[in-house]
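# Geometric and topological summary
Next come the chains, spelled out residue by residue.
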Amino acid sequence: MRTDFALVLTAALLLDTFWRNNGEHASKGPCQAGFSQSFYSVLISRDVLQGHGILKGKTFNWQVMKFDDCMGNEAVVFQSSDPIFSVRTDGSIFARGEGASLDEPVQFKLTASGPHTHVWVTVVQLALIDPPSPQQNENEVTKEEGKVAERKERKEAFQAPPPVIMFSRSGLNSSKGLRRQKRDWVIPPINVAENSRGPFPQMLVSIRSDQDQDISIRYSITGVGADQPPNEVFNIDPVLGKMFVTKPLDREHRSSYHLRAHAVDMNGNQVENPIDLYIFVIDMNDNRPEFKNQVYNGSVDEGSKPGTYVMHLSAFDADDNTTANGMVRYRILSQTPHSPIPNMFTINSETGDIVTVAPGLDREKVSQYTIIVQATDMEGNLNFGLSNTATAIITVTDINDNPPMLTSRTFSGEVPENRVDIVVANLTVIDADQPHSPNWNAIYRIISGDPSGHFTIRTDPVSNDGMVTVVKPVDFEMNRAFMLTVVVSNQAHLASGIQSSLQSTAGVTISVQDVNEPPYFPTNPKHIRFEEGVPAGTSLTTFSASDPDRLQMQQTIRYSKLNDPADWLSINRTNGQIVTTAMLDRESVYVKNNIYEATFLATDNGSPAASGTGTLQIYLIDINDNPPALIPKESQICERMNRNVNGVNITAADADTDPNAGPFVFELPNFPTSIRRNWTISRISGDYARLGLRYQVYLEPGVYEVPVIVSDSGNPPLSNRSVIKVKVCPCDENGDCTTLGAVAAAGLGTGAIISILICIIILLSMVLLFVVWIKRREKERQTKQLLIDPEDDVRDNILKYDEEGGGEEDQDYDLSQLQQPDSLEHIISKPPGVRRVDERPIIPESQYPIRPVVPHPGDIGDFIHEGLRAADNDPTAPPYDSLLVFDYEGSGSTAGSVSSLNSSSTGDQDYDYLNDWGPRFKKLADMYGGGDDD
């Protein structure tokens, strides 16, 4: 049960001496506004609570908080972040709520604000002192030891800078046996202001173990900022246990550090359990508010009421937003333009929302405002806070608060009669709203003066003018002028409270201009009915036109023919009477569906002349003027009646129509008499009959022309004698003509067919013999070898041999003189005696190209030049001026020398053509071409 017990703060009295000393020093020096400490730790004995909670409204008598704003602390207000505990202006702590038992330490932030918007912050921590209990049997300690330890801990907890943090009691390295493990102290956080100017290293706290009097202890710290990146931000004296910060800290980069302190002996053995150290970086106002954008765009409708939301601006401050350093406030520095007043807008200092504060926004006067907005931290304190600015551009959007107004109350125009899609008047309008918007776009309507709908008004999308356009032809003879009433409005409705202007309505006068209208045919097309076959010169009708210009002087109309496909008609130029120039024929190709159509032209004598066209359609009534024609013209029938039961079905075609066409009458003529004797016609229906052979009548296969008389049903009827060609042929069991029978029926007998076949065989034999003869002649021509033309031959005949004999031996010439001695070593080495100069040289043979066995006479020149080129390029051949041995043919010859041969020709022979055979035949040309000189 909750009872009212007084909660007494038991704080260490050692702090009183510190505060007194600080007060004495402060009185001697200049005043420094703020709390005396950045962190307060208050310890409360558990036996004071006696197992009960905290009573709401209870005030603690000791003044533990010391604060001075250097202005007498007038109007200073303390605000606590804890819902239960708070602090009064005299520094005493009180409970403003119930329920806290302090089983766990309570820490809260205390803010002090003065009348000049300056804010100071400190941290307060409340914790219970846990004295030893006599009921506990394990790890007992004497009351005296407990008191000594309690006094020692109090002294260490409240000793002024630098504070000393003791390791908590533990059972490590205890030589007195088992002891009760003392509850760990709650280590208060270490607060370090950011951006400190030093000097560095700056001492923060001293850490020590109560066993340092017995053994040598080494201290170390681990964690981020010590041995982890960023390294060496904090370090510790391993002997004295003093922890230092080595450089300025930046809260915006890192707002807190968590380190662990360790105590080991000289051998590295753990002496104390590690303790957690929390280091908080105290924020300083070192960051200006930053806008997300330098320029913000917003809009508001013209005519908006005060308090209308316009836009939102926001700035971010990197400082702590729970302190004044990060609390941003907004205000408007300037407004451009100042119309209608300099302060048309205001901004919510905390949210950054811009709203209107005055009426009078008019887009037609001011379409855009430029506002400079300032953001300041320190809750907007201009003396201590940092500021930044941004630009807000507010566009005044248009509403339809200006009705369109026509520039004149009356407009006029002219229109020629019978014209459409022309603009006859232009209506101009003025609208002050946003151009090319629904509030500006004009819509014109004709509310009176045009009951027949001759006119419409279209809007020019560029100029917004109204274009009065003719959509239905007007007639001067019917209406000489139109008086229209036009009203203009916008595409969008007018804003609430805005009335239409009287200038939104105007009158439009449109005069109709008379023009020379073309004559017209009252009945167009005109239909008449006539029987076909009327003779030329027959008057059909009078096709006259009328002139619509009745109010002018009567004009003269002349007629002419425009289109007459069959050239059957003519028209009188003055009165339009139509007369036939040829007989009308319903069966003509120019008549479609019994109607013949012709077009005529009527032209007046106006200036300029105008003309109109009229169409005359003549419906031609059929008369019986076309006899029927027999269908089909050809057919076939079996030679035996019993195989041709059905016969040939025949009908007739008549160009006329009913009743001048069918039913038809089919008859066989009386002459010749063989027709009726061999053939018969039986009626099937009104339009069909069957033609067949009489029973037991046999006809030779062939084609027979059977005349048939066909009569129609006209009055009087017309008859026609037609001939049908009927093929009579032998048939198979199915009643179809056989192939031989079809041939026989075509008029060819057996002898004729055999004759045709014999002629075809003879023709093919002649072609085959001619091809064989051509092939044989070609083969003989290829085997015949002629080196030269017979007319140019120097001998009577040229004989071809497969071998050339043993060579020529001429004793009249010493051919050895033509050889070089060095090329005839194989001859010199022989025994003395007669040497043959035509021996085959014992040298490597030249690789001559393979010569064709039977060269073509046309290639003799190429053959000679090829041998010459091979000899000239052969490195193993003798020199050019030596005897060349082309083919070795043996060492002797039974034939005599060819030099003794004489020509058998006794007549004169011209051998000058040898000069044309090249240098190889020059010697022969000199021998035979010398004539008498030889």
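Residues numbered from 1 in each chain as written. Predicted model: local features only at pLDDT ≥ 70, side-chain atom pairs only at ≥ 80, totals over all residues. Heavy atoms only, no water.

### Side note on the overall build of the chain
Looking only at helices and strands, one finds nine helices and 49 strands in the chain. Accessible area for the chain stands at about 55,700 Å²; split by element, carbon and sulfur atoms hold 52% of it. (Helix = DSSP H or I, 4+ residues; strand = E, 2+ residues; numbered from the N terminus. Areas by Shrake-Rupley, 256 points an atom, 1.4 Å probe, with all protein chains shown as cover.)

### Considerations on the packing of aromatic side chains
Within a pair of aromatic rings, the relevant descriptors are the distance that separates the centres and the angle that separates the planes. Applying the stated criterion across every chain yields a total of ten aromatic pairs. An aromatic cluster is built from Phe521, Phe543, Tyr559 and Phe600, whose rings are joined through pairwise contacts. (Phe/Tyr/Trp six-rings, centres within 6.5 Å; stacked < 30°, edge-to-face > 60°.)

### A closer look at unusual backbone geometry
Note the cis peptide between Phe200 and Pro201, where omega equals 0°. Non-glycine residue Glu379 carries a positive phi angle of around 55°. One non-glycine residue, Asp421, lies in positive phi territory at about 60°. Classification of Asp421 by relative accessible area gives exposed; the value is 57%. (Buried < 20%, exposed > 50% of the residue type's maximum accessible area, 1.4 Å probe, protein only.)

### Some points on the pairing of strand 18 (residues 295-301)
In strand 18, alternate side chains face the same way, and those of Tyr296, Gly298 and Val300 are buried while those of Val295, Asn297, Ser299 and Asp301 on the opposite face are not. Bridge count for strand 18 against strand 25 (residues 387-397) is seven bridges, and the pairing is parallel. Bridge pairing links Val300 to Val396 in strand 25. (Pairing = 2+ DSSP bridges.)

### Quick word on the sheet that holds strand 25
The four strands are arranged 18-25-24-21 in an open sheet whose pairing can be described as mixed. The sheet terminates laterally at strand 18 and strand 21 (329-336), the two strands that pair on one side only. Here the average twist between neighbouring strands, direction ignored, is 30°. (Axes fitted to C-alpha atoms, helices over the stretch in contact; angles between N-to-C directions.)

### Some thoughts on the pattern of salt bridges
Applying the stated criterion across every chain, the model contains twelve salt bridges. Among the ionic pairs, Arg251 bridges to Glu252, the shortest N-O distance being 3.4 Å. A salt bridge links Arg260 to Asp276, with the nearest nitrogen and oxygen atoms 3.0 Å apart. Remark: Asp276 occurs in strand 16 (residues 275-282) and Arg260 occurs in strand 15 (residues 256-265); sequence separation between them is 16 residues. Classification of Arg260 by relative accessible area gives partly exposed; the value is 35%. Residue Asp276 is classed as partly exposed on the basis of its relative accessible area of 29%. The structure contains a network of salt bridges with shared partners spanning Arg251, Glu252 and Asp283. (Salt bridge = Lys/Arg side-chain N within 4 Å of Asp/Glu carboxyl O.)

### Some remarks on the sheet that holds strand 42 (residues 629-631)
Judged by pairing direction, the sheet is antiparallel, and its four strands sit side by side in the order 42-44-47-46 without closing on themselves. Looking at which strands have only one partner, the edges of the open sheet turn out to be strand 42 and strand 46 (679-683). Adjacent strand axes in the sheet meet at a mean angle of 35° when their direction is disregarded. Where strand 46 meets strand 47 (residues 688-693), five bridges bridge the pair, whose relative direction is antiparallel. Its bridge partner being in strand 47, Thr680 is matched across the sheet by Gly692.

### Details of the nonpolar core
The tendency in soluble globular proteins is for nonpolar side chains to be buried side by side. In this structure, Phe234 and Met243 are the most contacted members of the largest nonpolar core, which totals 25 residues. Mapped onto this core, the elements with two or more residues apiece are strand 10 (190-193), strand 11 (202-208), strand 12 (217-223), strand 13 (234-236), strand 14 (242-245), strand 15 and strand 16. Residues contacting Phe234, with those up to four places away along its chain left out, are Leu204, Ile221, Gly225, Ala226, Phe244, Val245, Thr246, Leu249, Tyr257, Leu259 and Ile279. (Core = buried A, V, L, I, M, F, W, Y, C linked by side-chain atoms within 4.5 Å. Contact = heavy atoms within 4.5 Å.)

### So, the environment of Ala481
With respect to the helices, strands and loops of the structure, Ala481 is situated in strand 33 (residues 481-490). Here Ala481 falls in the partly exposed class, since its relative accessible area comes to 42%. Spatially, the C-alpha atoms of Ala481 and Val415 are 9.2 Å apart, while their sequence positions differ by 66 residues. When residues no more than four places from it in sequence are discounted, the contact partners of Ala481 are Ile510, Ser511 and Val512.

### Overview of the pairing of strand 15
With burial as the criterion, only one face of strand 15 is covered, namely that bearing Tyr257, Leu259, Ala261, Ala263 and Asp265; the residues Ser256, His258, Arg260, His262 and Val264 on the opposite face remain uncovered. With seven bridges connecting them, strand 12 and strand 15 associate as antiparallel partners. Of the residues in strand 15, the one forming a bridge with Tyr219 is Ala263. Sheet analysis places strand 15 next to strand 16, joined by six bridges and oriented antiparallel. Within the sheet, the bridge partner assigned to Ala261 lies in strand 16 and is Ile275.

### Some remarks on the side chain of Asp450
Among the secondary structure elements, Asp450 is positioned in the loop between strand 30 (442-448) and strand 31 (455-459). Of the side chains with opposite charge, Lys472 lies nearest to the buried Asp450, which makes no salt bridge, at 7.9 Å. (Lys, Arg positive; Asp, Glu negative; His and termini not counted.)

### Overview of the confidence of the model for the chain
Regions with low pLDDT should not have their predicted coordinates read in detail. Per-chain confidence: the chain averages 77 in pLDDT, with 72% of residues scoring 70 or above. Per-residue pLDDT stays below 50 along residues 1-29; that stretch engages in 46 contacts with residues further than four places along the chain or on separate chains. Within the model, pLDDT remains below 50 along residues 170-185, and this stretch shows 31 contacts once partners closer than five positions in the same chain are excluded. (pLDDT = per-residue confidence, 0-100.)

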